[in-house]
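Structural description and commentary
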Amino acid sequence: MKLIIQIPCYNEEKTLPITLKDLPREIFGVDTIEYLIINDGSNDRTIEVAKKLGVHHIVSFPNNRGLAKGFMAGIDACLRLDADIIVNTDGDNQYKGQDIPKLVKPILDGRAEVVVGDRQTDTIEHFSPLKKKLQKLGSWVVRLASDTNVNDTTSGFRAYAREAAMKLNVISEYSYTLETIIDTGRRKIAIENVPIGTNEQLRESRLFKSIRGYIQRSATTIIRIYTMYRPMKVFLTLGSIVFLLGLLVGFRYMYFFFSGQGDGHVQSLILTSIFLSSGVQIIMFGLLADAISANRKVNDEILYRIKRIEYDKVDKIKGYENSNVKVDIDYLLETAVTIEENEKA
């Protein structure tokens with residue numbers, strides 16, 4: 001059983017040593033533990049520090065591409081490195097490394113494929129009262145959208161079984177946290193919460209600069225992802241509301257018409273026509289979007305099968321390392337990321 005702990009990093013030369021020091025060296029039920037950092041275009045000494053401290057694998061971007069891209073690059077690298085379990089944590093030491101055994105236990109026990117660390121945000125001292133309320137509200141909305149029981153949907157402290165990791169697809173360029181929860185719920189993947197602790201804040205969050213910006217981006221992400229996964233429900237609801245408004249305005253016009261006052265309310269007739277036609281169009285958009293969503297499910301399944309073939313091919317190549325069989329590895333040069341092995345690890 002191989003566990004890889006991945007750490008997205010952007011200019012974390014000061015906090016990375018603290019984060020790495022807190023990580024476990026051994027876990028009951030796990031044979032091998034390795035560390036991997038995703039260097040998201042850092043312009044400080046993050047890579048040098050990681051190598052010096054014995055990080056086993058390094059994935060680097062030439063420029064900053066954001067948390068979502070970094071997360072998926074790390075997942076891809078971990079799967080290529082034959083990880084059975086992948087844990088994602090932060091480079092700013094927000095999460096307690098000693099909680100990782102608790103995080104992976106439901107996977108080792110076979111109860112879950114995805115485990116999310118619950119920070120119990122009400123207990124975090126450096127969170128303002130407003131931020132705590134927004135975290136609760138946001139998690140409640142995502143639970144409704146995903147049909148899951150995740151308490152802390154913005155927590156980045158997570159564990160993935162290999163099969164669940166291969167099914168991950170993130171299109172957001174902002175953050176992976178909300179989208180992956182909704183996608184996990186849609187796929188009916190077994191997901192579980194585990195209470196975790198947090199460390200003292202070492203630096204301000206770089207994900208958002210203000211509460212207003214955080215709300216806007218999070219709300220946009222939730223609406224976009226929910227609409228993408230359940231388009232018929234969204235468009236049918238909106239279309240029905242608009243159509244109902246058209247009927248109400250129409251009934252109002254009919255009342256005045258039969259009362260002999262129809263001439264002064266022609267604008268109501270026009271508004272009725274607009275509402276009714278718009279409602280029908282929105283419902284038709286829903287039918288089209290639902291067909292596209294069904295096609296997306298097929299594409300997701302195809303992509304999952306391609307990943308299985310590709311990662312199995314990597315495993316087979318590793319099996320030839322100690323043999324005299326010549327293997328064509330040209331396709332490895334075409335992968336999305338380059339995995340740099342640390343000789344000092």
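Residues numbered from 1 in each chain as written. Predicted model: local features only at pLDDT ≥ 70, side-chain atom pairs only at ≥ 80, totals over all residues. Heavy atoms only, no water.

**Considering helix α3 (residues 67-80)**
Taking 1.5 Å of rise per residue, 14 residues should cover 20 Å, and α3 covers 20 Å from first to last C-alpha, within 8% of that figure. With twelve of its 14 residues buried, α3 lies for the most part within the structure. Of the residues making up α3, those classed as buried are Ala68, Gly70, Phe71, Met72, Ala73, Gly74, Ile75, Asp76, Ala77, Cys78, Leu79 and Arg80. Positioned one or two residues after α3, Asp82 has a phi angle of 70°, which is positive. (Helix = DSSP H or I, 4+ residues; strand = E, 2+ residues; numbered from the N terminus. Expected span 1.5 Å × (residues − 1). Buried < 20%, exposed > 50% of the residue type's maximum accessible area, 1.4 Å probe, protein only.)

**Brief notes about the packing of helix α8 (residues 211-229) against helix α9 (residues 231-258)**
Where α8 contacts α9, the axes come no closer than 5 Å and their chain directions differ by 105°. With respect to their mutual orientation, α8 and α9 come out roughly perpendicular. Here Tyr226, Thr227, Met228 and Tyr229 of α8 come into contact with α9, specifically with Pro231, Lys233, Val234 and Phe235. Here the contact of α8 with α9 is composed, by residue class, of six nonpolar, one polar and one charged. (Axes fitted to C-alpha atoms, helices over the stretch in contact; angles between N-to-C directions. Parallel < 35°, antiparallel > 145°, perpendicular 65-115°, else oblique. Contact = heavy atoms within 4.5 Å. Nonpolar A, V, L, I, M, F, W, Y, C, P; charged D, E, K, R; others polar.)

**Let's talk about the UniProt feature "transmembrane region" (unreviewed entry) in the chain**
Those places that UniProt annotates as "transmembrane region" (unreviewed entry) correspond, in this numbering, to residues 234-256 and 268-289. From the first C-alpha to the last, residues 234-256 spans 34 Å; its make-up is 100% helix and 0% strand. (UniProt positions renumbered as here; feature names shortened; annotations may be inferred.)

**Describing the pattern of salt bridges**
If you walk through the whole model with that rule in mind, you get 17 salt bridges. The shortest N-O distance in the salt bridge between Asp300 and Arg296 comes to 3.8 Å. Of this pair, Asp300 and Arg296 both sit in helix α10 (residues 266-319), four residues apart, which is roughly one turn of that helix. Here Asp300 matches Arg296 in class, with each residue buried. The structure contains a network of salt bridges with shared partners spanning Asp183, Arg186, Arg187, Arg296 and Asp300. (Salt bridge = Lys/Arg side-chain N within 4 Å of Asp/Glu carboxyl O.)

**A word on the packing of aromatic side chains**
Aromatic ring pairs are defined here through the distance separating the ring centres and the angle between the ring planes. Summed over the entire model, instances satisfying the criterion amount to three aromatic pairs. When the centroid spacing of 3.9 Å and the interplanar angle of 5° are considered together, the rings of Phe71 and Tyr176 count as stacked. In this pair, Phe71 is assigned in helix α3 and Tyr176 in the loop between α6 (162-166) and α7 (177-186), connecting sequence segments 105 residues apart. Through successive ring pairs, a cluster of aromatic residues spans Phe71, Tyr160 and Tyr176. Sitting over the ring of Phe61, Arg65 keeps its end group 4.5 Å from the ring centre. Over the aromatic face of Tyr304 sits the side chain of Lys167, whose NZ or CZ is 5.4 Å from the ring centroid. (Phe/Tyr/Trp six-rings, centres within 6.5 Å; stacked < 30°, edge-to-face > 60°. Lys NZ or Arg CZ within 6 Å of the ring centre and 35° of its normal.)

**Some thoughts on the nonpolar core**
Ranked by size, the top nonpolar core spans 40 residues in total, and within it Leu36, Phe71, Ile75, Leu79, Ile86 and Val114 carry the most contacts. Looking at this core, the element that brings in the most residues is α3, giving eight residues. Discounting chain neighbours no more than four positions away, the residues touching Phe71 are Gln6, Asn88, Tyr160, Leu168, Tyr176 and Thr180. In terms of nonpolar packing, the next biggest core, distinct from the first, is built from 30 residues, Leu23, Val30, Ile37 and Val49 among them. (Core = buried A, V, L, I, M, F, W, Y, C linked by side-chain atoms within 4.5 Å.)

**A short note on unusual backbone geometry**
The phi dihedral of Asn11 is positive, around 55°, even though this residue is not glycine. With respect to the helices and strands, the residue Asn11 is situated in the loop between β1 (2-9) and α1 (16-21). Its identity as a non-glycine residue notwithstanding, Asn93 has a phi of 60°, on the positive side. Here Asn93 shows up in the loop between β4 (85-88) and α4 (100-108).

**Section: the pairing of β1**
In terms of residue burial, β1 counts as a mostly covered element, since eight of its eight residues are buried. Burial along β1 is two-sided: Lys2, Ile4, Gln6 and Pro8 facing one way and Leu3, Ile5, Ile7 and Cys9 facing the other are all buried. The sheet contact formed by β1 and strand β2 (residues 32-40) spans eight bridges and is parallel. By the bridge assignment for β2, Ile7 is matched with Ile37. Following the chain from β1 across α1 to the adjacent parallel β2, one finds a crossover that is right-handed. The pairing of β1 with β4 spans four bridges and is parallel. Opposite Ile5, over in β4, you have Val87 as the bridge partner. (Pairing = 2+ DSSP bridges. Right-handed = clockwise from strand over helix to strand, strands pointing away.)

**A short note on the side chain of Asp99**
As for its position among the elements, Asp99 is in the loop between β4 and α4. The buried category is assigned to Asp99, whose relative accessible area is 8%. Leaving out residues up to four positions away in the same chain, Asp99 has contacts with Phe157, Ile196 and Gly197.

**Here's the deal with the environment of Val116**
By secondary structure assignment, the location of Val116 is in strand β5 (residues 114-118). Judged by relative accessible area, Val116 falls into the buried class, the value being 1%. Excluding its chain neighbours within four sequence positions, the residues that come into contact with Val116 are Leu103, Val150, Asp152, Ser155, Phe157, Arg158, Ile181, Ile191, Glu192, Asn193 and Val194.

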